[in-house]
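Fold and contact review
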Amino acid sequence: MKILVKQVRSKINCPLDQKRTLIALGIRKMGQVVEHDASPAVLGMVNKVKHLVSVEETK
């Protein structure tokens, strides 16, 4: 299973670890969409920044 992760809120006032988590996910800009496998590691990173991103499931 794959997921699409899109940044929908700004990271300006976020702690440094959340900014680094977005970079680790491959998200550098607002509105950017990246596709990842739904592994436990990726889901944990998405959970850490869930207030900044939207997630959609793909096949």
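Source: prediction; values computed, not measured. Residue indices begin from 1 for each chain and proceed along its sequence in written order. Local features in this predicted model are restricted to residues whose pLDDT is 70 or higher, and side-chain atom pairs enter the listing and the counts only when it is 80 or higher, whereas totals over whole chains, interfaces and linings include all residues. Excluded from the side-chain calculation are hydrogens and water; included are all heavy atoms of the structure.

**What to know about the sheet that holds strand 2 (residues 33-37)**
At least two bridges found by DSSP between two strands is the condition for calling them paired. Every helix listed is a DSSP run of H or I at least four residues long, and every strand listed is a run of E at least two residues long, numbered separately from the N terminus. Read across the open sheet, the three strands follow the order 2-1-3; overall the sheet is antiparallel. Edge positions in the open sheet fall to strand 2 and strand 3 (53-58), since each of these has one partner strand only. Recorded for the sheet is a direction-independent mean angle of 25° between the axes of neighbouring strands. Where strand 1 (residues 2-7) and strand 3 come together, six bridges link them in antiparallel fashion. Each bridged residue has a counterpart across the sheet, and for Q7 the counterpart in strand 3 is V53. Docked against the sheet, helix 2 (residues 40-48) engages strand 1, strand 2 and strand 3, running at close to 25° with respect to strand 1. Note on geometry: axes are C-alpha line fits, over the in-contact stretch for helices, and angles between N-to-C directions span 0 to 180 degrees. Residue contacts are defined here by distance: any two heavy atoms, one from each residue, within 4.5 Å place the two residues in contact.

**A word on the pairing of strand 1**
Only protein chains enter the calculation, and the probe is 1.4 Å; a residue is then buried if its accessible area is under 20% of its type maximum, exposed if over 50%, and partly exposed in between. Burial of the side chains of strand 1 is restricted to one face: I3, V5 and Q7 are buried, whereas none of K2, L4 and K6 on the reverse face is. Where strand 1 and strand 2 come together, five bridges link them in antiparallel fashion. Bridging from a neighbouring strand, K2 pairs with D37 of strand 2.

**Description of the packing of helix 1 (residues 16-25) against helix 2**
Two elements in contact, helix 1 and helix 2, have axes separated by 9 Å at closest approach and are oriented at 140°. On the basis of their axis angle, the class for helix 1 and helix 2 is oblique. For the pair helix 1 and helix 2, the sense of crossing is left-handed. On helix 2, the residues that touch D17, Q18, T21, A24 and L25 of helix 1 are V42, M45, V46 and K48. Residue polarity follows a fixed list, in which Ala, Val, Leu, Ile, Met, Phe, Trp, Tyr, Cys and Pro are nonpolar, Asp, Glu, Lys and Arg are charged, and the others, Gly among them, are polar. For the contact of helix 1 with helix 2, the per-class residue count stands at five nonpolar, two polar and two charged. Note that the term roughly parallel is reserved for angles under 35 degrees, roughly antiparallel for angles over 145, roughly perpendicular for angles of 65 to 115, and oblique for everything else. Handedness of a crossing is defined here by the sense of rotation of the near helix relative to the far one, left-handed for an anticlockwise turn of less than a right angle and right-handed for a clockwise turn.

Distances and angles like these do not, on their own, reveal function.
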